[in-house]
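Now for the letters of each chain:
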Amino acid sequence: MSWLDRLRAGLSKTRAQLSGTADLEGDVQAAFTRMDTIEDLEYALIAADVGRAATEEIIEDIRRIGGGNLQDALMQALTLQLEPDARRAEFRKLGFSPDVGRGRVDPKGHVVMVIGVNGVGKTTTIAKLGQYYMERGKSVMFAAGDTFRAAAGAQLGVWGDRLGVPVVQGPDGGDPAAVAFDAASARKARGTDLLLIDTAGRLHNKHNLMEELKKVQRVVDKADPGEPAEVWLVLDAVTGQNGLQQAKKFHESTPLTGVVVTKLDGTAKGGILVPIVRELGVPIKFIGVGEQAGDLQPFDSRDFVRALFDVQLPQ
Ligand SMILES: Nc1nc2c(ncn2[C@@H]2O[C@H](COP(=O)(O)OP(=O)(O)O)[C@@H](O)[C@H]2O)c(=O)[nH]1
Ligand SMILES: [Mg+2]
């Protein structure tokens, strides 16, 4: 299966939800004369977790586009919502350029710290990212910074063996900052291109997860000044608005440079990407559409929207 087929398959639940609720076959003018089409569309977007504010803007943008096929207009308006604020304003002013939404996923620097609550897919995503960057010629290391859950280090170790990626481990229950420090020092000494640091998603009450993540960040900066240049939050699309609220808390304490949204294959609420972009103001770097190492796609708003509507992509 090509990456595009995987993406299309992964988004099938959200697609079924949208096209099953709203009739997108007609043209824009007709839709605005028979308001029930627009109401169905609003309902479908909200049911897909796009959110009210974005839904209103989407309808406004479709009105602004003013003619042509309704699905085409919806696709343009949705693509716009998946762009960060500044770019969105620019595109509204200048029109829909063909270059809207091209993803850029090369990390700045050499260290990416991966954070998020338990079960969202952090460890799996690190494995997928390792494969992705190795396929593109980068050397990769992992750090097993989730020392709280006994199985977490072993899980990353298995992925490391499978992919041929060295994994820096600490003792179970040990200090994650110590593992991160050792890994960042080793990465620098070896000149490895990329270190991906796994972290805990939950701790005993007496510890504070947010404080610990900050500490991991500080010691990495001590071992290798300026790193981690990237902090990516992994968010499970199935948790929808809940996940978004958690993401905001993480962002307040450990400013994020990117988001990876996982499990888009398991939900009809793929529209959650819109409030993630709007409310977090952080770019989505990758999306996960399955459990295999290849089920990770760099996020590209245009490809995403086209795959969502099963429209053929140009090469
Ligand atoms: N369907 C699906 N499952 C995923 C995806 N990403 C991760 N998972 C699964 O989610 C579960 C938890 O993943 P894990 O990496 O251990 O989460 P962590 O606790 O955040 O490290 C595992 O069973 C993964 O296989 C995805 O994109 N789609
Ligand atoms: Mg894990």
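Given the structure is predicted, the values throughout are model-derived calculations rather than measurements.

Trainee: Help me get a handle on the overall build of the chain, residues and values and all.
Mentor: Scanning the chain from terminus to terminus reveals 14 helices and 8 strands. Here the chain has a C-alpha radius of gyration of 21 Å; the compact-globule value for 315 residues is 20 Å, and the two agree. Along the longest, intermediate and shortest principal axes, the C-alpha atoms of the chain span 65 × 40 × 35 Å. Expressed as a percentage of its 315 residues, the buried residues of the chain come to 53%. Put simply, of all contacts in the chain between residues at least 6 apart along the chain, 75% involve residues at least 24 apart. Accessible surface computed for the chain: about 13800 Å², of which carbon and sulfur atoms make up 49%. Across the chain, the 38 positively charged side chains and the 42 negatively charged ones have centroids separated by 4 Å.

Trainee: Kindly report on the packing of helix H6 (residues 70–81) against helix H14 (residues 301–308), identifying the contributing residues and their values.
Mentor: Relative orientation of the contacting elements H6 and H14 amounts to 140 degrees, with a least axis distance of 9 Å. By the criterion of interaxial angle, the relationship of H6 to H14 is oblique. Crossing of H6 against H14: the hand is right-handed. Mapping the contact onto sequence places Met-75, Leu-78 and Thr-79 in H6 and Ser-301, Arg-302, Val-305, Arg-306 and Leu-308 in H14. Here the contact of H6 with H14 is built from residues that sort into 4 nonpolar, 2 polar and 2 charged.

Trainee: Quick rundown of helix H9 (residues 150–163)? Include the residues and the values.
Mentor: Turning to H9, its buried residues number three or more, namely Ala-152, Gly-153, Leu-156, Gly-157, Trp-159, Gly-160 and Leu-163. When H9 is viewed along its axis, its buried side chains cluster within an angular range of 165 degrees and face the same direction. Residues Ala-150, Ala-151, Asp-161 and Arg-162 are exposed on H9 and point more than 90 degrees away from its buried face. Packing partners of the buried residues in H9 comprise helix H8 (122–135), strand E2 (140–145), strand E3 (167–168) and strand E4 (194–199). Phi for Gly-164, located one or two positions after H9, is positive at around 70 degrees.

Trainee: How would you summarise the site of ligand 1 if you had to cite specific residues and measurements?
Mentor: In the vicinity of ligand 1, 18 residues are found, and the nearest of them are Gly-119, Lys-122, Thr-124, Arg-149 and Glu-291. In the model, an oxygen atom of ligand 1 is placed 3.0 Å from a nitrogen or oxygen of the Lys-263 main chain. Against a free-state accessible area of 590 Å², the protein chains account for coverage of 80% of ligand 1. The leading source of residues in the shell around ligand 1 is H8, at 4 residues. Of the residues in the shell around ligand 1, the class split is 3 nonpolar, 9 polar and 6 charged.

Trainee: I'd like a rundown of the pattern of salt bridges, residues and numbers included.
Mentor: Per the stated rule, a full pass over the model turns up 13 salt bridges. The closest approach of N and O atoms between Glu-57 and Arg-278, which form a salt bridge, is 3.2 Å. Of this pair, Glu-57 sits in helix H5 (residues 52–65) while Arg-278 sits in helix H13 (residues 273–280), and the two are 221 residues apart along the sequence. The shortest N-O distance in the salt bridge between Lys-214 and Glu-211 comes to 3.4 Å. With Lys-214 and Glu-211 both in helix H11 (residues 209–223) and 3 residues apart, the pair spans about one turn of that helix. Residue class for Lys-214 comes out partly exposed when judged on its relative accessible area of 28%. Connected through salt bridges with shared partners, the residues Arg-8, Arg-15 and Asp-310 form a single ionic network.

Trainee: Describe the environment of Ile-276, listing the residues and the values that go with them.
Mentor: Topologically, Ile-276 is positioned in helix H13. Residues within four places of Ile-276 in sequence aside, it is in contact with Leu-235, Leu-244, Val-259, Val-261, Gly-281 and Ile-284.

Trainee: Just give me the short version of the UniProt feature "domain: SRP54-type proteins GTP-binding" (unreviewed entry) in the chain, but keep the residues and values in it.
Mentor: The feature "domain: SRP54-type proteins GTP-binding" (unreviewed entry), as annotated in UniProt, sits at residues 283–296 in this numbering. For the annotated span residues 283–296, helix accounts for 0% and strand for 43% of the residues, and the straight-line distance between the end C-alpha atoms is 16 Å.

Trainee: Lay out the environment of Ala-229 with the relevant residues and their values.
Mentor: Considering the arrangement of structural elements, one finds Ala-229 in the loop between H11 and strand E5 (230–236). Separated by 12 residues in sequence, Ala-229 and Gln-217 place their C-alpha atoms 9.7 Å apart. In contact with Ala-229, not counting residues within four places along its chain, are Lys-108, Gly-109, Val-111 and Thr-257.

Trainee: Talk me through the pairing of E4; I want residue IDs and the actual numbers.
Mentor: Most of E4 sits out of view: 6 of its 6 residues are buried. The alternating pattern of E4 places Leu-194, Leu-196 and Asp-198 on one face and Leu-195, Ile-197 and Thr-199 on the opposite face, and all of these are buried. Bridging between strand E1 (residues 111–115) and E4 involves 3 bridges; their strand directions are parallel. Within the sheet, the bridge partner assigned to Val-111 lies in E4 and is Leu-195. As paired elements, E2 and E4 share 6 bridges and run parallel to each other. Opposite Val-140, over in E4, you have Leu-194 as the bridge partner.

Thresholds applied
Residues numbered from 1 in each chain as written. Chains lettered and ligands numbered in written order. Predicted model: local features only at pLDDT ≥ 70, side-chain atom pairs only at ≥ 80, totals over all residues. Heavy atoms only, no water. Helix = DSSP H or I, 4+ residues; strand = E, 2+ residues; numbered from the N terminus. Rg over C-alpha atoms; globule rule 2.2 N^0.38 Å. Buried < 20%, exposed > 50% of the residue type's maximum accessible area, 1.4 Å probe, protein only. Contact = heavy atoms within 4.5 Å. Areas by Shrake-Rupley, 256 points an atom, 1.4 Å probe, with all protein chains shown as cover. Lys, Arg positive; Asp, Glu negative; His and termini not counted. Charge placed at Lys NZ, Arg CZ, Asp CG, Glu CD. Axes fitted to C-alpha atoms, helices over the stretch in contact; angles between N-to-C directions. Parallel < 35°, antiparallel > 145°, perpendicular 65-115°, else oblique. Left-handed = near helix turned anticlockwise from the far one by under 90°. Nonpolar A, V, L, I, M, F, W, Y, C, P; charged D, E, K, R; others polar. Arc of directions from axis to C-beta. Near = heavy atom within 4 Å. Polar contact = N/O pair within 3.5 Å; in protein donor to acceptor, adjacent residues only side chain to side chain. Salt bridge = Lys/Arg side-chain N within 4 Å of Asp/Glu carboxyl O. UniProt positions renumbered as here; feature names shortened; annotations may be inferred. Pairing = 2+ DSSP bridges.

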